[in-house]
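Examining the three-dimensional arrangement
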Amino acid sequence: MELVFATNNKNKISEVQALVPNNIKLLSLKDIGCLEDIPETQDTIAGNAIQKTEYIKTHYGYACFADDTGLEVEALNGAPGVYSARYAGEQKNAEDNMRKLLSELKNTTNRTAQFKTVIALHLNNELQTFAGICTGEITKIKYGEKGFGYDPIFRPKGYEQTFAQMDLSLKNSIGHRGKAVSQLVSFLNSSKK
Ligand code: IMP
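The structure contained in this document is the topic of the report that follows.

The rules behind these values
Residues numbered from 1 in each chain as written. Predicted model: local features only at pLDDT ≥ 70, side-chain atom pairs only at ≥ 80, totals over all residues. Heavy atoms only, no water. Phe/Tyr/Trp six-rings, centres within 6.5 Å; stacked < 30°, edge-to-face > 60°. Helix = DSSP H or I, 4+ residues; strand = E, 2+ residues; numbered from the N terminus. Buried < 20%, exposed > 50% of the residue type's maximum accessible area, 1.4 Å probe, protein only. Lys NZ or Arg CZ within 6 Å of the ring centre and 35° of its normal. Near = heavy atom within 4 Å. Polar contact = N/O pair within 3.5 Å; in protein donor to acceptor, adjacent residues only side chain to side chain. Areas by Shrake-Rupley, 256 points an atom, 1.4 Å probe, with all protein chains shown as cover. 1 Å grid on protein atoms, 1.4 Å probe; cavity = no way out; pocket = protein on both sides within 12 Å on 5 of 7 lines; lining within 4 Å. Sits in = over half its atoms within 2 Å of the grid points. Salt bridge = Lys/Arg side-chain N within 4 Å of Asp/Glu carboxyl O.

Moving on, we come to the packing of aromatic side chains. Counted under the stated rule, the structure contains 5 aromatic pairs. Centroid distance Phe 130 to Phe 187: 5.6 Å. Interplanar angle 55 degrees. Geometry classified as tilted. A residue pair is termed long-range when its members are at least 10 positions apart, and Phe 130 in strand 6 (residues 126-138) and Phe 187 in helix 5 (residues 176-192) qualify at 57 residues. Since its relative accessible area comes to 7%, Phe 130 is described here as buried. Feature note: the residues Phe 115, Phe 154 and Phe 163 constitute an aromatic cluster, connected by ring pairs. The ring centre of Tyr 87 lies 4.4 Å from the NZ or CZ of Lys 100, which sits over that ring. If you follow Lys 171 out to its NZ or CZ, it ends over the ring of Phe 163, 5.2 Å from the centre.

Here it is in structure tokens:
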């Protein structure tokens, strides 16, 4: 069976391809000829993931799953949340986003935050969602060079290092995306039986 993962990120695709049952072949957006920007206009993380899968189902007719992720900061009432990518503007620049977040939290002692990933799956005319959460805190300055996005300023609960100081295998095993992916994989494995 062919299943579209609504992304063009080859790393994400090969990571998930290695985990799903081997009768499932994952296709990227490019593989199905989807070159346009898929609308992400909802005001929740789950809403955007659902919107992306439904777009592919409607316009291309494939079974599909899509993910959407945001960083929710308690002292900012859940911001930047669904707006994480463009928090400091449409240029979607990670350095600008981190600078803005550190400045918003400059005088704040409550630095509790969580990453949330929602994966929406459209399969056999049914919609399922899987959420993965990783709680932690926003550091005062950046630490580490690995990863991407807000990784240098996010320290997961129970660890001394930020995501940007960790090996990817550790980040994946405790992280939001890894948790959502493992629920998706369990679901696909169980619906195969
Ligand atoms: P997306 O839904 O995967 O495109 O993520 C939205 C935004 O959240 C990205 O532009 C990043 O800024 C941020 N983000 C997503 N996942 C991570 C992560 O694992 N670490 C750090 N930042 C992330």
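Now, onward.
Turning next to the site of the ligand. In the neighbourhood of the ligand, 13 residues make up the surrounding shell, with Thr 69, Asp 151, Lys 171, His 176 and Arg 177 lying closest. In the model, a nitrogen atom of the ligand is placed 2.6 Å from a nitrogen or oxygen of the Asp 151 side chain. Contacts to the ligand include His 176, whose side-chain N or O atom sits 3.0 Å from an oxygen atom. Taking 480 Å² as the accessible area of the ligand by itself, protein coverage stands at 83%. The site holding the ligand turns out to be the largest pocket.

This part is about the pattern of salt bridges. The tally for this structure, following the rule as stated, stands at 10 salt bridges. Among the ionic pairs, Lys 116 bridges to Glu 72, the shortest N-O distance being 3.4 Å. On the criterion of sequence distance, the pair formed by Lys 116 in strand 5 (residues 112-123) and Glu 72 in strand 3 (residues 64-73) is long-range, its members being 44 residues apart. By relative accessible area, which is 22% here, Lys 116 ends up partly exposed. Glu 72 sits in the buried class, given a relative accessible area of 17%. Linked through salt bridges whose partners overlap, the residues forming this network are Lys 12, Asp 67 and Arg 177.

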